[in-house]
Structures are given as structure tokens and as C-alpha cells.
Amino acid sequence: MAVYTDVAAEDLAEFLKGYEIGELLSYKGIAEGVENSNFLLHTSKGAFILTLYEKRVAVDDLPYFLSLMAHLAERGVRCPQPARNRKGEVYSELAGRPAAIINFLEGMWPRRPNAAHCAGVGEALAKMHVAGRDFPMFRKNPLSVEGWRPLFDVAAPRADSVAPGLQDFIARELDHLEACWPKDLPLGVIHADLFPDNVFFLGDKLSGLIDFPFSCNDILVYDVAICLNAWCFEPDHSFNVTKARALLNSYGRERQLSEAEQEALPLLARGSALRFLLTRLVDFLNVPPGALVKPKDPLEYVRKLRFHQSVSSVRDYGLTQPGFAA
Ligand SMILES: Nc1ncnc2c1ncn2[C@@H]1O[C@H](COP(=O)(O)OP(=O)(O)OP(=O)(O)O)[C@@H](O)[C@H]1O
Ligand SMILES: N[C@@H](CCO)C(=O)O
């Protein structure tokens, strides 16, 4: 479960006095998620989520993604909004960690995403990209191509203990991506971690996006590539072109993908697969003794990467007319 840092009831009640969100009635740790410690709070004014930010989140980055959530929500993108405390701050400190409170979103993330879910996520992602155009802050993506070699250096010596040949496989892919990574594609605000567990639905209707700590400025269509990886593979690891077509076409209806963006998609999908392979591998090799959080499977992303290596054109993702999304 993801409660790395526990909070005493009296500390939390004291912390909440700094906000105007009512008095604490109850709270409990949330088992889901792997990055941060999350708690569901019930107060006299409603339900909220308290997050204590852990290792991968730098305190200097909090204003970026908390302001982004507020910016997007003001422009009609359904996502939680941060609560401000009486000093006007969107985060402060609790139990020795940076802490923020956001409003609770109704809905559930889809355990078995279908094509309708994929269409919903494509539409929401494009709307987020459009709404982010006038977001004034900037945050470089620390987990784009320049961030991968340092991760590889950490994981390389023990990579073959996870799968024989893995070190060499990653080394070759990394060389290729570093040499070919595109430089001229449209940039903007991306979510960078829009996996099914970060998208809530009520039935087949999308009710909101959560979990923005990886959001940053980067190649917009890289975010689409992340979603292809996260949403369009089956549990048996096969690629589902129907889901990909639904995701890409819905995206294209809100924000047209240029021909250059479409052509870059296979390479960006390889990069996105390598990014999650590397972060998962580092986590897998460094599970602290007694950890309650099960690390995610890095090899899932080896299989996805191999699929994208075999893709010869964007048509393999279900797009039939380069330059135009139907
Ligand atoms: N605004 C919200 N409304 C309702 N539930 C939320 C909200 N934010 C988080 N949750 C709940 O907390 C869980 C964990 O949140 P989140 O995905 O942000 O975790 P994390 O550990 O920070 O990130 P990651 O998914 O990257 O591991 C979600 O699956 C969801 O159940
Ligand atoms: N979504 C990530 C974990 C959280 O960043 C993964 O599946 O590897």
C-alpha cells in the first residue's frame, strides 16, 4: 500500500485548522498508488485527498503542478483543485513531508479499459493539451531522453539479474533514441503519467484526471505515446489496434496531429516504453527491506518496446490517413 509516511490524528487536525475545509471527522490511508502517501479525509465540509509527497517529487516542483491543476480546472478539464490554506498556500508541511489537499473526485479507474475508455482518454488528453497552451509556468521533463542514461547507469550492473541480455537490450535502444530523438515537434504542457489508474470514469464517461506530479513541458505527442503504451495493450501483452484507433481518433478530433507528429509516434512510443522500463527497473532493483508496495513489472515494458520496434508506420497504430485523424 502507498502510505510511506503516517500522520497522527492530532497533527492532522491541527494542520486542518490552517484551512477552511471544515473539521476533521475521519481519515484513512489509501492503498493504491506507488509514488506518494495519500489519505482520504472526511471533514464537516466534504471529502478531500491529502497527499504527502515522497522521494520523486521535489518541493520546488509543487507550485508547477498544483497551479496547473487549478489552471486546467478553470478551463473545463476535469481534475482536482488544490485547496489553499489561510495563508494562501497550496502546500505546506505535515509529518516532515510537503503536503497538499485536493478535492475528492467521484469515479473509479477502469480495471479493464475498453475502446470507449480509450476514446475518453484521447479526448481528455487533447483537451488538456489545448487548455495548457496559456499556462505560464515551465518545468523541464526530468524523465525525457536526457534523463534516461542516468537511470540506466544505476540499473545496468544488475539488469541481467532481472532478465538475461537486458543490459545490452537497453544500451542499444538508448543509443538509438539518443541519436534520433525528435527536436522540432510541438511542445506544451503534458501529464506524462496518464495511466488507467490516473483516469476516473463513471460508467464509460470520463469523470476526471488525477496525479499530476510528473506533469511538465515536453513534446505534446509524447504524451499520446505514453497513453498508447498504458492503455492499448492487453493483459497477454498483445497490442489492441481498435483501442489505439479509438484513442488517436478522439485525440485528433480535439487537437489535430500534424503529419510530423504522426510519423514520430513509433519512435516516441519506443522512448515512452524505455522511460517506464527504466524507472520500473530501478525501483525493482531497489525495493527497501520490508516494503509493502509491490514494484511494477519492468519486463512488461520490454515487451511493449519490442512491439514498437517492429512497427513500420503509424498505420500499425490504426491511423489510416497520415496527416489526418478520422
Ligand atoms: N482527487 C482524488 N479524488 C479521489 N480519489 C483520489 C484522488 N486523488 C487520489 N485519489 C485516490 O488515491 C489513489 C492514489 O493516488 P495517486 O494515483 O495520485 O497515487 P500516487 O502514489 O501519488 O501516484 P502513482 O499513481 O503515480 O503511483 C488513487 O488511485 C485514488 O484511489
Ligand atoms: N505509472 C507508472 C508508475 C507511477 O509513475 C508505471 O506504471 O510505471
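- By the naming in an unreviewed UniProt entry, the protein chain is Homoserine kinase, taken from Bradyrhizobium valentinum.
- Under the heading Pathway (unreviewed entry), UniProt records this for the protein chain: "Amino-acid biosynthesis; L-threonine biosynthesis; L-threonine from L-aspartate: step 4/5."
- Quoted verbatim from the Catalytic activity (unreviewed entry) heading of the UniProt record, the comment on the protein chain is "L-homoserine + ATP = O-phospho-L-homoserine + ADP + H(+)".

**Some remarks on the overall build of the protein chain**
Right, on to step 1. In terms of helices and strands, the protein chain carries nine helices and nine strands.
Right, on to step 2. Over its C-alpha trace the protein chain gives a radius of gyration of 20 Å, about what one expects of a compact globule, namely 20 Å for 326 residues.
Right, on to step 3. Principal axes of the C-alpha set define a box for the protein chain whose edges measure 60 × 45 × 35 Å.
Right, on to step 4. Within the protein chain, the fraction of its 326 residues that count as buried is 55%.
Right, on to step 5. Considering only contacts in the protein chain between residues 6 or more positions apart, those separated by 24 or more positions represent 73%.

**With respect to the pattern of salt bridges**
Right, on to step 1. Applying the stated criterion to the full structure yields 19 salt bridges.
Right, on to step 2. We note a salt bridge from glutamate 20 to arginine 86, for which the minimum N-O separation is 3.3 Å. Linking glutamate 20 in the loop between helix H1 (9–16) and strand S1 (24–29) with arginine 86 in the loop between helix H2 (62–74) and strand S4 (92–94), this pair joins segments that are 66 residues apart in sequence. Arginine 86 shares its class with glutamate 20; the two are exposed.
Right, on to step 3. In this structure, arginine 75 engages aspartate 134 in a salt bridge whose closest nitrogen and oxygen atoms are separated by 3.2 Å. Here the residue arginine 75 occupies a position in the loop between H2 and S4, and aspartate 134 occupies one in the loop between helix H3 (115–131) and helix H4 (145–159), the gap between them amounting to 59 residues.
Right, on to step 4. With relative accessibility at 39%, the residue arginine 75 sits in the partly exposed group.
Right, on to step 5. Via salt bridges that share partners, Glu74, Arg75 and Asp134 belong to a single interconnected network.

**Examining the site of ligand 1**
Right, on to step 1. The full set close to ligand 1 counts 19 residues, and Val34, Glu35, Asn36, Leu105 and Asp211 are the nearest of them.
Right, on to step 2. At a separation of 3.2 Å, an oxygen atom of ligand 1 approaches a polar side-chain atom of glutamate 32.
Right, on to step 3. A distance of 3.2 Å separates an oxygen atom of ligand 1 from a polar atom in the side chain of asparagine 38.
Right, on to step 4. Grouping the constituent residues of the shell around ligand 1 by class yields nine nonpolar, five polar and five charged.

**Let's talk about the side chain of threonine 43**
Right, on to step 1. One can find threonine 43 in strand S2 (residues 37–43).
Right, on to step 2. According to the relative accessible area criterion, threonine 43 is buried, its value standing at 5%.
Right, on to step 3. Among the polar contacts made by the side chain of threonine 43, one reaches the main-chain carbonyl oxygen of isoleucine 21 at a distance of 2.5 Å.
Right, on to step 4. The contact partners of threonine 43, leaving out residues within four places of it in the chain, are Leu16, Ile21, Gly22, Glu23, Leu24, Leu25 and Phe48.

**Observations regarding the domain arrangement of the protein chain**
Right, on to step 1. Examined at the domain level, the protein chain breaks down into domain 1 (9–103) and domain 2 (115–317).
Right, on to step 2. Computed from C-alpha atoms alone, the centre-to-centre distance between domain 1 and domain 2 is 26 Å.
Right, on to step 3. If you look at the interface, domain 1 gives 21 residues, while domain 2 gives 26 residues.
Right, on to step 4. Contact between domain 1 and domain 2 buries roughly 2000 Å² in total, counting both sides, with carbon and sulfur atoms accounting for 68%.
Right, on to step 5. Where domain 1 packs against domain 2, one counts two salt bridges.
Right, on to step 6. Remark: the boundary between domain 1 and domain 2 carries eight residue pairs in polar contact (both at pLDDT 80 or more).
Right, on to step 7. Classifying every residue of the side of domain 1 that touches domain 2 gives 12 nonpolar, three polar and six charged.

**Digging into the pairing of strand S8 (residues 205–209)**
Right, on to step 1. Within S8, four of the five residues are buried, which leaves the element mostly enclosed by the surrounding structure.
Right, on to step 2. For strand S7 (residues 199–202) and S8, the ladder comprises four bridges, and the chain directions are antiparallel. Across the sheet, the residue bridging to valine 199 is leucine 209, located in S8.
Right, on to step 3. Linking S7 to S8, which pair antiparallel, is a turn of two residues; within it glycine 203 sits at a positive phi near 65 degrees.

**Let's talk about the packing of aromatic side chains**
Right, on to step 1. This structure, assessed with the given rule, holds 14 aromatic pairs.
Right, on to step 2. Ring centres 5.2 Å apart and planes at 80 degrees place the aromatic pair tryptophan 148 and tryptophan 181 in the edge-to-face group. Placement of the pair is tryptophan 148 in helix H4 and tryptophan 181 in the loop between helix H5 (166–180) and strand S6 (187–190), with a sequence separation of 33 residues.
Right, on to step 3. Aromatic side chains phenylalanine 276 and tyrosine 301 sit 5.8 Å apart centroid to centroid with 45 degrees between the ring planes, which places their arrangement in the tilted category. Linking phenylalanine 276 in helix H8 (residues 259–285) with tyrosine 301 in helix H9 (residues 299–310), this pair joins segments that are 25 residues apart in sequence. Comparing phenylalanine 276 with tyrosine 301, the two get one shared label, buried.
Right, on to step 4. Chaining the aromatic ring pairs together yields one cluster made of Phe233, Phe239, Phe307 and Tyr317.
Right, on to step 5. Its end group placed over the ring of phenylalanine 214, arginine 275 keeps NZ or CZ at 5.1 Å from the ring centre.

Each value, and the rule that gives it
- Residues numbered from 1 in each chain as written.
- Chains lettered and ligands numbered in written order.
- Predicted model: local features only at pLDDT ≥ 70, side-chain atom pairs only at ≥ 80, totals over all residues.
- Heavy atoms only, no water.
- UniProt positions renumbered as here; feature names shortened; annotations may be inferred.
- Helix = DSSP H or I, 4+ residues; strand = E, 2+ residues; numbered from the N terminus.
- Rg over C-alpha atoms; globule rule 2.2 N^0.38 Å.
- Buried < 20%, exposed > 50% of the residue type's maximum accessible area, 1.4 Å probe, protein only.
- Contact = heavy atoms within 4.5 Å.
- Salt bridge = Lys/Arg side-chain N within 4 Å of Asp/Glu carboxyl O.
- Near = heavy atom within 4 Å.
- Polar contact = N/O pair within 3.5 Å; in protein donor to acceptor, adjacent residues only side chain to side chain.
- Nonpolar A, V, L, I, M, F, W, Y, C, P; charged D, E, K, R; others polar.
- Domains from an automatic or database assignment.
- Buried area = accessible area lost by both parts, 1.4 Å probe.
- Pairing = 2+ DSSP bridges.
- Phe/Tyr/Trp six-rings, centres within 6.5 Å; stacked < 30°, edge-to-face > 60°.
- Lys NZ or Arg CZ within 6 Å of the ring centre and 35° of its normal.

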